[in-house]
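Notes for the structure review
Read off the chains here:
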Amino acid sequence: MLRSFLNFNSVSAFIRFSDVSDRSFEIRLSSSGETPVNSLCRCRLPTHGTLAEGPATALRANATIQRRNGVGSAEMQQLADDLWQLSGFPRHAVNVYVMGDALVDAGMRWDRRRILKQVGDRGLTTHVLTHAHLDHYGASKAVCETLGIPLWCGTADVEAVEAGKMVRQGGKLVPAAPAVPVARGLREGDEVAGFTVLDTPGHSPGHVCYWRESDRTLICGDVMFGWHPFLMRGPVREPFESFSADPQRNRESARRIAALEPALVCFGHGPPLRDPAKLAEAVAQLPR
Ligand SMILES: [Zn+2]
């Protein structure tokens, strides 16, 4: 059982995952400020959904709170040369980056507006994914269609993206996000906007990272999380096993990226990390 408290300006959210493995999930919100959140007081997910619906629902509730409170900024933050992180709420919860003229990942389905608002006039030419999960290509279809740009992703994730699905542990495809045609399957060594594609399978079959040797910058997707994604704090950690298609293979990918000793790591979830020792420490603790 996992219990967590998430505190915002005017709202406390109590979230209980009675058992992540059976997908039972409950969320209760109470207002301590002026924002009424009665409509979000309690919901229980149907048990036929995907495993990822637990955190997805929590983040959706957060997005609703954000809209009601007017919280959040539309400013992108520059992290390195030609690399920006889009703003979002909660900050660093579901990360989207601009890498040169490429958009990296597209969050959840409802992130469409914040993405288009922040990147609308930047002249992006490509949208690339780290992997085919619902919290990374949720808004990809809308973004690609609105901006008229192609989608590229790891070759082994093409089938899932084009079917609007994601691969669960054991290889089963389950519904994830609106399907998008993939214009190019990325492979180890391909170049995208000054970054090199690294094959890092495990969390999804076609998971890729983007690596720039010149300043040792790594866009690492979900090979590792920058923090606990529900508590939104804590040290670097591996993704929950139940969310990875092949956890053992993902650990091999984690050891690979840690060996690069990246000076800057940009996670799918969690704040940017500029201390390679913290990544190395977390990876060293992974079971072999
Ligand atoms: Zn993710």
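Just so it is clear, the model here is predicted, and its values are computed rather than measured. (Residues numbered from 1 in each chain as written. Predicted model: local features only at pLDDT ≥ 70, side-chain atom pairs only at ≥ 80, totals over all residues.)

1. Structural notes on the overall build of the protein chain
Assigned secondary structure in the protein chain consists of six helices and 18 strands. Burial analysis of the protein chain (288 residues in total) assigns 43% to the buried set. Put simply, of all contacts in the protein chain between residues at least 6 apart along the chain, 61% involve residues at least 24 apart. (Helix = DSSP H or I, 4+ residues; strand = E, 2+ residues; numbered from the N terminus. Buried ≥ 20, exposed ≤ 12 C-beta atoms within 10 Å, placed from the backbone. Contact = placed C-beta atoms within 7 Å.)

2. Quick word on the confidence of the model for the protein chain
With 74% of its residues at a pLDDT of 70 or more, the protein chain has an overall mean of 81. This stretch, residues 1–59, has a pLDDT under 50; its non-local contacts, to residues over four places away or in other chains, come to 99 contacts. Of the regions scoring below 50 in pLDDT, residues 61–73 engages in 25 contacts with residues more than four places distant in sequence or in other chains. (pLDDT = per-residue confidence, 0-100.)

3. Remarks on unusual backbone geometry
Looking along the chain, the bond that leaves F89 and enters P90 is cis, with omega of -10°. One non-glycine residue, H92, lies in positive phi territory at about 70°. Within the secondary structure layout, H92 lies in the loop between strand 6 (83–85) and strand 7 (97–99). Phi is positive for E261, which is not a glycine, with a value near 50°. Residue placement: E261 occurs in the loop between helix 5 (247–259) and strand 18 (264–267).

4. So, the pairing of strand 17 (residues 217–221)
Moving residue by residue along a regular strand, the side chains alternate between the two faces of the sheet. The buried fraction of strand 17 amounts to five of the five residues, a majority that puts the element mostly inside the structure. The two faces of strand 17 match: T217, I219 and G221 on one face and L218 and C220 on the other face are all buried. Between strand 16 (residues 208–212) and strand 17, which pair antiparallel and follow one another directly, the connecting turn spans four residues, one of which, R216, has a positive phi of 55°. Bridging between strand 17 and strand 18 involves four bridges; their strand directions are parallel. Each residue of the ladder has a partner; that of L218, found in strand 18, is V265. (Pairing = 2+ DSSP bridges.)

5. Concerning the packing of helix 2 (residues 112–119) against helix 3 (residues 140–147)
Interaxial distance between helix 2 and helix 3 falls to 9 Å at its minimum, and their mutual angle equals 35°. The chirality of how helix 2 crosses helix 3 is right-handed. Contact with helix 2, carried on its side by R112, I115 and L116, involves A142, V143 and T146 of helix 3 and no other residues of that element. Looking at side-chain class alone, the contact of helix 2 with helix 3 contains four nonpolar, one polar and one charged residues. (Axes fitted to C-alpha atoms, helices over the stretch in contact; angles between N-to-C directions. Left-handed = near helix turned anticlockwise from the far one by under 90°. Nonpolar A, V, L, I, M, F, W, Y, C, P; charged D, E, K, R; others polar.)

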